[in-house]
Amino acid sequence: MENYFFMRTVLNWLTEPRQFNRLLAITLRVLAALIVPFSLVTFFKAGKLIFDLPASGILGGIMFQIFFVLAIYAVVHGLFIRARHIDALPGGEYNMFPLAAVLVRAAGEAMAAFISLVAVGGGIYVWFTGKGVGTILNPPPKFLPLFGDTTFMGGIEFMVGGVMTSILVIVLAYLVAEGLQLVGEAAGRLQASRRAANVSSEPSLSNEPSVRLRSGTGH
């Protein structure tokens, strides 16, 4: 009957750190690949709206499209790079801490890249069209901050606000990742010190009977 129940094999496979890391790396690559077709839907929807703009606003729509493509490229390429980093992790008893650190960095970098590039393209779009980014990126992502209004200064506020938000996201993501790495390293050092203490105590226990034997024969 054991041959017909596969969960034991799956769980044993997942307990191997390198196998689990490989599974997460594959998942991250699949997620990055799926972003491309989903973003194409938004790209073509925005493309239809561009031709409804007046002649003075078409250039702003085209510039937004360029920065949107750059944002998607940055997100996808960054996720593929972090997937390679996950594959390269050595594994170990406390594998989840460095793994989580890489995932937090990947999420922060993806959000920061998308927000900053879309903010620059969105600011240019506001300048040329006098419309909000929500008219071409509909609906805008929940994590995209919408600073400013539809004036020229509003476009600048949208750019600056987006770039500053990206910097803040990167700082927070890297801070959390560093904390996870420190916890993992501390756990590894604690485990190593415990093992060293156990090894050092074994010879003293094994030598104790012989010492007593020699002291007994002396009398």
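Residues numbered from 1 in each chain as written. Predicted model: local features only at pLDDT ≥ 70, side-chain atom pairs only at ≥ 80, totals over all residues. Heavy atoms only, no water.

Enquirer: So what's going on with the overall build of the protein chain? Residues and values would help.
Expert: Assigned secondary structure in the protein chain consists of five helices and zero strands. The burial tally for the protein chain puts 30% of its 219 residues in the buried class. Of the contacts formed within the protein chain by residues at least 6 apart in sequence, a portion of 77% connects residues at least 24 apart. For the protein chain, the exposed area adds up to about 13500 Å²; of that, 71% sits on carbon and sulfur atoms. (Helix = DSSP H or I, 4+ residues; strand = E, 2+ residues; numbered from the N terminus. Buried < 20%, exposed > 50% of the residue type's maximum accessible area, 1.4 Å probe, protein only. Contact = heavy atoms within 4.5 Å. Areas by Shrake-Rupley, 256 points an atom, 1.4 Å probe, with all protein chains shown as cover.)

Enquirer: Which residues make up the layout of surface pockets, and what values go with them?
Expert: The calculated volume of the largest pocket comes to roughly 460 Å³. In terms of lining residues, the largest pocket is bounded by 23 residues, among which Phe68, Ile72, Phe114, Pro141 and Phe143 are the most central. Elements that contribute at least two residues to the lining of the largest pocket include exactly helix H2 (17-50), helix H3 (55-87) and helix H4 (96-129). Among the elements that make up the lining of the largest pocket, the one with the highest residue count is H2 (nine residues). (1 Å grid on protein atoms, 1.4 Å probe; cavity = no way out; pocket = protein on both sides within 12 Å on 5 of 7 lines; lining within 4 Å. Points joined across faces, edges and corners; volume = space filled by probe spheres on them.)

Enquirer: So what's going on with H4? Residues and values would help.
Expert: In this model, H4 (34 residues) spans 48 Å end to end at C-alpha, consistent with the 50 Å of a helix rising 1.5 Å per residue. Phi turns positive one or two residues past the end of H4, at glycine 130, with a value near 70°. (Expected span 1.5 Å × (residues − 1).)

Enquirer: Go over a nonpolar patch on the surface with me, naming the residues and quoting the values.
Expert: The grouping of Leu59, Ile62, Ile66, Leu70, Trp127, Phe128, Phe152 and Met153 at the surface amounts to a nonpolar patch, some 740 Å² of accessible area in total. Mapped onto the nonpolar patch, the elements with two or more residues apiece are H3, H4 and helix H5 (152-218). Here isoleucine 66 is to be found in helix H3. On the basis of relative accessibility, which here comes to 41%, the residue isoleucine 66 falls in the partly exposed class. (Patch = residues over 30% accessible without salt bridge, like charges linked within 9 Å, V, L, I, M, F, W, Y side chains within 5 Å. Salt bridge = Lys/Arg side-chain N within 4 Å of Asp/Glu carboxyl O.)

Enquirer: Account for the pattern of salt bridges, with residues named and values stated.
Expert: A pair can form between side chains of opposite charge whenever their charged atoms are brought close. Summed over all chains, the structure comprises three salt bridges. The salt bridge involving arginine 29 is made with aspartate 87; its shortest N-O contact spans 3.1 Å. With arginine 29 in helix H2 and aspartate 87 in helix H3, the pair connects residues that are 58 residues apart, well separated along the chain. Residue arginine 29 is classed as partly exposed on the basis of its relative accessible area, which comes to 25%. Note on aspartate 87: relative accessible area 25%, which makes it partly exposed. In this structure, the salt-bridge partner of glutamate 109 is arginine 82, at a minimum N-O distance of 2.5 Å. Note that glutamate 109 is positioned in helix H4 and arginine 82 in helix H3, a separation of 27 residues in sequence.

Enquirer: Which residues make up the side chain of arginine 105, and what values go with them?
Expert: Note that arginine 105 resides in helix H4. Exposure remark for arginine 105: the relative accessible area of 10% places this residue in the buried category. Residues within four places of arginine 105 in sequence aside, it is in contact with Arg82, Tyr174, Ala177, Glu178 and Gln181.

Enquirer: Quick rundown of the packing of aromatic side chains? Include the residues and the values.
Expert: Under the defined criterion, the tally for this structure stands at six aromatic pairs. Note on tryptophan 127 and phenylalanine 152: the rings are 4.9 Å apart at their centroids and 15° apart in plane angle, and the pair reads as stacked. A residue pair is termed long-range when its members are at least 10 positions apart, and tryptophan 127 in helix H4 and phenylalanine 152 in helix H5 qualify at 25 residues. For tryptophan 127, a relative accessible area of 33% puts it in the partly exposed group. Positioned over the ring face of tyrosine 174 is arginine 105, at 5.2 Å from the centre of the ring. (Phe/Tyr/Trp six-rings, centres within 6.5 Å; stacked < 30°, edge-to-face > 60°. Lys NZ or Arg CZ within 6 Å of the ring centre and 35° of its normal.)

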